[in-house]
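# Analysis of the macromolecular model
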Amino acid sequence: MARTTLDTAALAHDLRLAVMRFSRRLRNQRVDTSVTLTHLAALSTLKRHGAMSPGELASHERVQPPSMTRVVVALEGKGLVTRTPHPTDRRQVIIELTPAAEDLLTEEARAREAWLSGKLHALPPEDRATLREAARIMDELAGG
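Here's a quick rundown of the structure. Being a predicted model, the structure only gives us computed values, none of them experimental.

Between helix α3 (residues 54–61) and helix α4 (residues 65–77), the least distance of the axes is 9 Å, while the angle of their chain directions is 110°. Taken together, the axes of α3 and α4 are roughly perpendicular relative to one another. On α4, the residues touching Pro54, Leu57, Ala58 and Glu61 of α3 are Pro65, Met68 and Val72. Split into classes, the residues belonging to the contact of α3 with α4 amount to six nonpolar, no polar and one charged.

Written out as structure tokens, the structure reads:
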């Protein structure tokens, strides 16, 4: 029993480090470094969930509303989001992606996937099969 616990703990350690390193390498495959990773995360949330208020966006991103206000101001200044009046609450605004933001997100994803495809192509087929199964398991672990 103790051996199994040690093996599981060692696997957790190794997997955590590998995922962190992999994530860092993937994040470095950037198209536009003038847009921060925080900005990209906010844009991705808007793309995934649709237009929303800054407060809702802050909640999704797990940041304080004043921090999200700064992000939204920066994104608006870059022409990546627009603000429109909230349909039912005049004190609120709705944040929405612009076509430029859609294009940026598409290019960012394309760059990362091209890098990863090149790395995967260099692997033997059995390693790619193992990674395909690992991706399924990791998605399951993440609750997806």
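From this point on, the discussion continues.
Side chains of Leu11, Leu15, Val19, Ile137, Met138 and Leu141 sit close together on the surface and give an oily, nonpolar patch of about 530 Å² of accessible area. Listing elements by their share of the nonpolar patch, those giving two or more residues are α1 (2–27) and α6 (125–141). Summarising the element assignment, Leu11 is placed in helix α1. Given the relative accessible area of 55%, Leu11 is considered exposed.

Glancing now at the nonpolar core. With 19 residues, the main nonpolar core has Leu43 and Val81 as its most contacted residues. Secondary-structure elements contributing two or more residues to this core are α2 (37–49), α3, α4, β2 (93–97) and α5 (99–121). Dropping the residues within four chain positions of it, Leu43 is found in contact with Leu75, Leu80, Val81, Leu97, Ala101, Leu104 and Leu105.

The rules we used
- Residues numbered from 1 in each chain as written.
- Predicted model: local features only at pLDDT ≥ 70, side-chain atom pairs only at ≥ 80, totals over all residues.
- Heavy atoms only, no water.
- Axes fitted to C-alpha atoms, helices over the stretch in contact; angles between N-to-C directions.
- Helix = DSSP H or I, 4+ residues; strand = E, 2+ residues; numbered from the N terminus.
- Parallel < 35°, antiparallel > 145°, perpendicular 65-115°, else oblique.
- Contact = heavy atoms within 4.5 Å.
- Nonpolar A, V, L, I, M, F, W, Y, C, P; charged D, E, K, R; others polar.
- Patch = residues over 30% accessible without salt bridge, like charges linked within 9 Å, V, L, I, M, F, W, Y side chains within 5 Å.
- Areas by Shrake-Rupley, 256 points an atom, 1.4 Å probe, with all protein chains shown as cover.
- Salt bridge = Lys/Arg side-chain N within 4 Å of Asp/Glu carboxyl O.
- Buried < 20%, exposed > 50% of the residue type's maximum accessible area, 1.4 Å probe, protein only.
- Core = buried A, V, L, I, M, F, W, Y, C linked by side-chain atoms within 4.5 Å.

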